[in-house]
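Residue-level structural notes
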Amino acid sequence: MTGSAPIPIDASATDRGEPAITVTNLTWRYEGGDKDALDGINLTIRSHEFVGVVGPNESGKTTLASAMKGIIPQSFNGIYHGSVELFGKDIRDYDAAQCAGLVGLVFSDPDAQFTSMSVEEEITFGLENLGIETDEIGRRLDWVVELAGLEGLLAKSPFELSGGQKQRVAIASVLAMRPRVMILDEPTSMLDPVSKAGVFSLLQHLKQTLDMTIVVIEHNVERLVEVCDRMFMVAGGRVVVDADLDAFFGQLDATARESIRIPGTVVFAESALADPVSMRHPGVRLDDIVSTCRQTLRSA
Ligand SMILES: Nc1ncnc2c1ncn2[C@@H]1O[C@H](COP(=O)(O)OP(=O)(O)OP(=O)(O)O)[C@@H](O)[C@H]1O
């Protein structure tokens, strides 16, 4: 990953703060299911936000991601009520190509996403299907290869790469479509710690250089809090907490109730630095907590 000028994502076409995805009273029951997997979801994701989604197993996170990509209801049978709007228009009113240009989805298991015999084909396949010109495909290929650090891997089979390389290819293939919104569903759950760090540093880089709208479903809250602006907690098919990062971890009762891991930074800050007199929140990110520590030491 280096710092060459990025090809702008179409995100630049949207104003900061404009609703990118609006989910209203969304209820979904899979065909044959005995309960709703989504049970009245309401949320708004704004353009250029980096949102983290956490929640216990089987709480509906993947189902929600599928609905925000339009796979639900398009590719699943079930009962759907409510709506998902992408940039102000019902997701069901877009065709598949339009949806692909607006929202990219990366799964936890990259193997499930791969369809090609080489990394290069994997990245260019979707672009060719969209009828994008050869020169432009070449430019996008160069761009994502550099961004995701895939130099030297283009001729290899995606199935023969390491877990971290596979996930970076999966992210690059989605990025090449230049979606305005990127959703990643547990992108590091199958990776070793070093590869996890690589994927999160790529996400951090995307946030800083491209200003995309990014939604990451992730159990690894330690890393998530370092990159996201806002967090949702999903439990029982509902959004039970929707808050900015600091406020989210100000609700430790809710996190404990749903067995969400609390980042070590927060545990440390709450026990060592929380100031019940000033009610000052010691912070969630390491940088903020270091700054609180320094202020506390200076005033001691
Ligand atoms: N294809 C499907 N058909 C029927 N039921 C499904 C299907 N996919 C998920 N479900 C059910 O929907 C509910 C929500 O599942 P979902 O995978 O969205 O949860 P999740 O929060 O992503 O879970 P995890 O963290 O374990 O991945 C669960 O009860 C699950 O069994």
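Residues numbered from 1 in each chain as written. Predicted model: local features only at pLDDT ≥ 70, side-chain atom pairs only at ≥ 80, totals over all residues.

1. With respect to helix α5 (residues 119-129)
Along α5, the positions that sit buried rather than exposed are Val119, Glu122, Ile123, Thr124 and Leu127. As for α5, its buried residues are in contact with α6 (134-148) and α7 (163-175). With its phi angle positive at about 75°, Gly131 sits one or two positions after the end of α5. (Buried ≥ 20, exposed ≤ 12 C-beta atoms within 10 Å, placed from the backbone. Helix = DSSP H or I, 4+ residues; strand = E, 2+ residues; numbered from the N terminus. Contact = placed C-beta atoms within 7 Å.)

2. Here's the deal with the pairing of strand β7 (residues 181-185)
By the criterion of burial, β7 is predominantly enclosed, with five of the five residues buried. Of the two faces of β7, the one carrying Val181, Ile183 and Asp185 and the one carrying Met182 and Leu184 are both buried. Here strand β6 (residues 103-106) pairs with β7 via four bridges, running parallel. Each bridged residue has a counterpart across the sheet, and for Leu105 the counterpart in β7 is Ile183. The pairing of β7 with strand β8 (residues 213-217) spans five bridges and is classified as parallel. Paired with Leu184 across the bridge in β8 is Val216. (Pairing = 2+ DSSP bridges.)

3. Here we look at the site of the ligand
The environment of the ligand is formed by Tyr30, Gly33, Ala37, Gly55, Asn57, Glu58, Ser59, Gly60, Lys61, Thr62 and Thr63. In terms of residue class, the shell around the ligand is built from two nonpolar, seven polar and two charged. (Near = placed C-beta within 6 Å. Nonpolar A, V, L, I, M, F, W, Y, C, P; charged D, E, K, R; others polar.)

4. Considering the packing of α6 against α7
One way to put it is that α6 packs onto α7 with a least axis distance of 9 Å and a crossing angle of 145°. As for how α6 packs across α7, the hand of that crossing is right-handed. Mapping the contact onto sequence places Val144, Leu147 and Ala148 in α6 and Arg168, Ile171, Ala172 and Leu175 in α7. Classifying every residue of the contact of α6 with α7 gives six nonpolar, no polar and one charged. (Axes fitted to C-alpha atoms, helices over the stretch in contact; angles between N-to-C directions. Left-handed = near helix turned anticlockwise from the far one by under 90°.)

5. As for the pairing of strand β1 (residues 19-30)
Walk down a regular strand and you will see the side chains alternate between the two sheet faces. Inspection of the sheet shows β1 paired to strand β2 (residues 38-46) by seven bridges, in the antiparallel sense. Residue pairing for β2: Leu26 is matched across the bridge by Ile41. Note that β1 and strand β4 (residues 78-86) share eight bridges and pair antiparallel. Counted as the bridge partner of Arg29 is Ile79 from β4.

As far as function goes, none of this settles anything; it's purely spatial.
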